[in-house]
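# Per-entry structural report
Listed below, chain by chain, are the residues.
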Amino acid sequence: MSYLVTALCVVVVIWVLKKFWPDLRHRYFASFMNYFTQHSHAKVEEMKKDVFSKLSTVVSHDPELRKHNAIKILEIGVGTGTNFAYYPEGARLVVVDPNPHFKAYYDNNRKKFPNIRSEEIIVSTAENMDMVADNSIDVVVSTLVLCSVENIKKVIQQILRVLAPGGKYYFYEHIKEFDTERHSTRQKIQVFLSSTGIWPFIFDGCYLTRDMLEAIQQAGFSKVQALRFHSPIDNFVFQMVKPSLKGVAEK
C-alpha cells in the first residue's frame, strides 16, 4: 500500500510541475531580470551605447515618420525595456515578448521615456509574430534573445519579412566561447551547463552554446557587419555569457 501511495504522490508532483512550472519559471525570470537590470553596469552600458550609436542616422521608409524625423523600431524580447535609453527621440516602438510577466516591469520603465512612443507588449514568440506587417519596420533590435528562441533561422526570416527595404537589424547576443586557446575551460563549462539542462532550467530556456552569426550571414541580408568579442561583464556568475556577438545587418 505504501508503494502505491508513494507512486501516486510522485505522479501528482510531476503533474503539478508540468502544469505550473512554465508559468512559475516565467514569473521568476521576469522578476530576476527586473532586479538585475536595475543595477548599474557602466561598462556594459557604454558598450551598448556603441552598438546603437548609429540609430539616430537611420531614415524611415515611412513618409509620415520622416516628416517628424522619427523611425519605427521593433524590439524582439523586450523584457523590462532596458533599451529605451538607447533609442532616438520620437521613435515609434513595437515590442514582442513571449513572457507576459514582463508587462508590469516594462510598463513602469516606459513611463520614464515619454519621448519614445511605445506600444503595449505583443505576447508572442518571435517565430510567430505574424501580426507585425511585412515591410513595416525601419529597425529590428534583439539583445540577449536568440539564446532562448526555439528556431533561430525562423526568427531571422521573420525579421527579414517585417523590415522595410533598406531596414536594419541591430543585434547584441551572447554566444558560445570562440577563443578556445585562452578560454577552453569556459567553453567546456558552457557545454556542460547547456547539455545537462541546468542553465536553461534556471534562465528560462537560455542556452550558452549558440553562435548565430552564420545563420544571420546566410539569411539573405544585403550586408552584414558583425564582431565576436568579450563583453565587459564583471559579475562572476555571468562570466559564462561574456563571449558575445554584435553587429548590424541590412535588408
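Residues numbered from 1 in each chain as written. Predicted model: local features only at pLDDT ≥ 70, side-chain atom pairs only at ≥ 80, totals over all residues. Heavy atoms only, no water.

### Looking at the overall build of the protein
Operational definition: Helical segments are the DSSP runs of H or I of at least four residues, strand segments are the runs of E of at least two, and each set is numbered from the N terminus. Here the globule rule is a power law, 2.2 Å times the number of residues to the power 0.38, and the radius of gyration is based on C-alpha atoms. We call a residue buried when its accessible area falls under 20% of the maximum for its residue type, exposed when it is over 50%, and partly exposed in between, using a 1.4 Å probe and counting protein chains only. The contact rule is simple, with two residues in contact once any of their heavy atoms fall within 4.5 Å. Only the protein chains shown count as cover for residues, and all accessible areas are computed by the Shrake-Rupley method using a 1.4 Å probe. Neither His nor the chain ends is counted toward charge; the positive residues are Lys and Arg and the negative residues Asp and Glu. Where a charge lies is defined by one atom per residue type, namely NZ (Lys), CZ (Arg), CG (Asp) and CD (Glu).
When helices and strands are tallied, the protein shows eight helices and eight strands. The C-alpha atoms of the protein give 20 Å as radius of gyration, which agrees with the globular expectation for 251 residues (18 Å, within 12%). A burial count over the protein gives 45% of its 251 residues as buried. Taking the intrachain contacts of the protein between residues at least 6 apart in sequence as the baseline, contacts between residues at least 24 apart amount to 72%. When the accessible surface of the protein is summed, it comes to about 13600 Å², and 57% of that surface belongs to carbon and sulfur atoms. Averaging the coordinates of the 31 positive side-chain charges in the protein and doing the same for the 26 negative ones gives two points 1 Å apart.

### What about helix H2 (residues 42-51)?
Note that an α-helix has 3.6 residues per turn; residues three or four places apart therefore point the same way. Worth spelling out the cut-off: Taken from the helix axis, the directions to the C-beta atoms give the arc we talk about.
Residues of H2 that are buried: Val44, Met47, Lys48 and Val51. Viewed end-on, H2 has its buried residues packed into an arc of 100°, placing them on one side of the element. The inward-facing, buried residues of H2 abut strand S6 (163-174), strand S7 (223-230) and strand S8 (243-250).

### Focus: the packing of aromatic side chains
Applied cut-off: Planes of paired rings set the category: under 30 degrees apart is stacked, over 60 is edge-to-face and the rest tilted, where pairs are Phe, Tyr or Trp rings (Trp by its six-membered ring) whose centres lie within 6.5 Å. Both a distance and an angle decide whether a charge sits over a ring: NZ of Lys or CZ of Arg must be within 6 Å of the ring centre and within 35 degrees of the ring normal.
In total, this model carries 10 aromatic pairs according to the counting rule given. Ring geometry for Tyr169 against Phe171: centres 5.2 Å apart, planes inclined by 40°, an arrangement best described as tilted. Just as Tyr169 is buried, Phe171 falls in that class too. Linked through ring pairs, Phe52, Tyr86, Tyr87 and Tyr170 together constitute an aromatic cluster. Between the NZ or CZ atom of Lys246 and the centre of the ring of Phe229, over which it lies, the distance is 4.7 Å.

### What to know about the pattern of salt bridges
To be explicit about the condition: A pair is scored as a salt bridge if a Lys or Arg side-chain nitrogen falls within 4 Å of a carboxyl oxygen belonging to Asp or Glu.
Under the definition given, this model contains 12 salt bridges. Across the salt bridge formed by Lys103 and Asp107, the nearest N and O atoms sit 2.9 Å from each other. Within this pair, Lys103 and its partner Asp107 are both found in helix H4 (residues 103-110), separated by four residues, close to a single helical turn.

### Looking at the layout of surface pockets
Empty pockets left among the atoms are what a rolling probe the size of a water molecule brings to light. Stated precisely, the cut-off is as follows: Grid points spaced at 1 Å over the protein atoms alone were grouped into cavities, where a 1.4 Å probe fits but cannot get out, and pockets, open sets with protein on both sides within 12 Å along at least five of seven lines, with lining residues defined by an atom within 4 Å of a point. Grid points are joined across faces, edges and corners, and a volume is the space filled by probe spheres set on the points.
Roughly 320 Å³ of volume is contained in the second largest pocket. Lining the second largest pocket are 16 residues, with Lys54, Tyr170, Gln225, Gly247 and Val248 sitting closest to its centre. Going through the elements one at a time, H2, S6, S7 and S8 are the ones with two or more residues in the lining of the second largest pocket. Ranked by residues supplied to the lining of the second largest pocket, first place goes to S8 with five residues.

### A short note on the nonpolar core
Our working definition: Definition of nonpolar core: a set of buried residues of the types Ala, Val, Leu, Ile, Met, Phe, Trp, Tyr and Cys, connected through side-chain atoms within 4.5 Å.
Counting residues in hydrophobic clusters, the biggest one holds 36 residues, and the most contacted among them are Ile73, Val139 and Trp199. Elements supplying a minimum of two residues to this core: helix H1 (2-37), H2, strand S2 (92-97), strand S5 (137-143) and S6. Looking at which element gives the most residues to this core, the answer is H2, with three residues. Once you skip the residues sitting within four places of it in the chain, Ile73 turns out to touch Tyr87, Pro88, Ala91, Arg92, Leu93, Val94, Ile137, Val139 and Val141. In terms of nonpolar packing, the next biggest core, distinct from the first, is built from 30 residues, Leu74, Ile76, Met129 and Ile156 among them.

### Focus: a nonpolar patch on the surface
Filter applied, for reference: Patches were defined on residues exceeding 30% relative accessible area and lacking a salt bridge, with like-charge contacts within 9 Å and nonpolar side-chain contacts (Val, Leu, Ile, Met, Phe, Trp, Tyr) within 5 Å.
On the surface, Tyr28, Phe192, Ile198, Phe201 and Ile202 cluster together to form a nonpolar patch covering roughly 450 Å² of accessible area. Among the elements that line the nonpolar patch, the one with the most residues is helix H7 (residues 198-202), at three residues. One can find Tyr28 in helix H1. Of the residues examined, Tyr28 reaches a relative accessible area of 35% and is grouped as partly exposed.

### Overview of helix H6 (residues 180-195)
Filter applied, for reference: Helix span, as expected, comes to 1.5 Å for every residue beyond the first. The angle between axes fitted to the seven-residue stretch ending at a residue and the seven-residue stretch beginning at it gives the bend at that residue.
Over its 16 residues, H6 runs only 18 Å from end to end, short of the ideal 22 Å by more than 12%, given 1.5 Å per residue. The sharpest bend along H6 reaches about 35° and sits at Arg186. Among all positions in H6, only Arg186, Gln187, Gln190, Leu193 and Ser194 are buried. Considering only its buried residues, H6 is in contact with H7, S7 and S8. Just past H6, the residue Gly197 takes up positive phi, approximately 85°.

Everything listed here is a matter of geometry and, on its own, says nothing about what the molecule does.
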